[in-house]
Amino acid sequence: MKISKKGRYALRSMVYLAVNESEEKMTLGDIAMVNGISIKYLEQIFSSLRRAGLVKSIHGINGGYFLGRHPSEITVEDVLDAVEGDYRIEDEVTTEDCMLKGISNAVQRLVIDEINFQTGKVISSVTMQDLANDYSRTDRDADEMYYI
């Protein structure tokens, strides 16, 4: 599985909103600038996130975006599903040949199904709060570094 650029940008943006949750709302311009993403591309991403209920928006001069739920209730899987759809590796194509069918079934059960299961376990257990906490911890540690 490879997370697309769209998926990575969506995750970055959601973590940014989670880190700045105490702010009332964030503009797409702020999110785009901090994360190095074009506003046009971010509009597409946020359209999908909004349809999934992961973000909410306020229109107008003082408008912006904020998380639709608490960061601890939004998983990586939620975000990827909203912008990319199904993350699973496609099923092994089987043939009518008995030997090849048996090999295909083995590959399906022992490789593809296991990869999908393990990936699902990880992305459904990591939340935006986890990512925000890790970012905050890493950012704080970077501030405390000194060089001789």
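Right above here is the structure, for reference.
Conventions and cut-offs
Residues numbered from 1 in each chain as written. Predicted model: local features only at pLDDT ≥ 70, side-chain atom pairs only at ≥ 80, totals over all residues. Heavy atoms only, no water. Salt bridge = Lys/Arg side-chain N within 4 Å of Asp/Glu carboxyl O. Helix = DSSP H or I, 4+ residues; strand = E, 2+ residues; numbered from the N terminus. Buried < 20%, exposed > 50% of the residue type's maximum accessible area, 1.4 Å probe, protein only. Pairing = 2+ DSSP bridges. Patch = residues over 30% accessible without salt bridge, like charges linked within 9 Å, V, L, I, M, F, W, Y side chains within 5 Å. Areas by Shrake-Rupley, 256 points an atom, 1.4 Å probe, with all protein chains shown as cover. Lys, Arg positive; Asp, Glu negative; His and termini not counted. Charge placed at Lys NZ, Arg CZ, Asp CG, Glu CD. Core = buried A, V, L, I, M, F, W, Y, C linked by side-chain atoms within 4.5 Å. Contact = heavy atoms within 4.5 Å. Phe/Tyr/Trp six-rings, centres within 6.5 Å; stacked < 30°, edge-to-face > 60°.

A.B. asks: Tell me what's going on with the pattern of salt bridges, and back it up with residues and numbers.
C.D. replies: Scanning all chains against the criterion turns up three salt bridges. R137 is the salt-bridge partner of D134, the closest N and O atoms lying 3.6 Å from each other. With D134 and R137 both in helix α6 (residues 128-144) and three residues apart, the pair spans about one turn of that helix. Accessibility expressed as a relative area gives 40% for D134, which makes it partly exposed.

A.B. asks: So what's going on with the pairing of strand β2 (residues 64-67)? Which residues, and what values?
C.D. replies: Sheet analysis places strand β1 (residues 55-58) next to β2, joined by four bridges and oriented antiparallel. Bridge assignment links S57 to a residue of β2, and that residue is Y65. Here β1 hands over to β2 after five residues, with G60 in that stretch at a positive phi of 110°.

A.B. asks: Give me a positive patch on the surface: which residues, what numbers.
C.D. replies: A surface patch of positive charge is lined by K2, K5, R8 and R12. With respect to the helices, strands and loops of the structure, K5 is situated in helix α1 (residues 5-19). On the basis of relative accessible area, K5 is assigned to the exposed category, the value being 54%.

A.B. asks: Lay out the nonpolar core in plain terms, naming residues and giving numbers.
C.D. replies: Membership of the largest hydrophobic core comes to 30 residues, with the highest contact counts inside it found for M14, F46, L49, V79 and M128. Of all the secondary-structure elements, those providing two or more residues to this core are α1, α2 (28-35), α3 (39-51), β2, α4 (76-84) and α6. In terms of residue count, α1 provides more of this core than any other element does, eight residues in total. Once residues lying within four places of it in the same chain are set aside, the contact partners of L49 are M14, L54, V55, V79, A82 and V83.

A.B. asks: Break down the environment of A82 for me, citing the residues and quoting the values.
C.D. replies: With respect to the secondary-structure elements, A82 resides in helix α4. A82 has contacts with S48, L49, A52 and L54, leaving out every residue within four places of it along the chain.

A.B. asks: Just give me the short version of the packing of aromatic side chains, but keep the residues and values in it.
C.D. replies: Per the counting criterion, the structure on display carries two aromatic pairs. On the numbers, 5.8 Å between centres and 80° between planes, the contact of Y9 with Y41 is edge-to-face. Taken together, the residues Y9 in helix α1 and Y41 in helix α3 connect sequence positions 32 residues apart. Residue classification places Y9 among the buried positions, given a relative accessible area of 14%.

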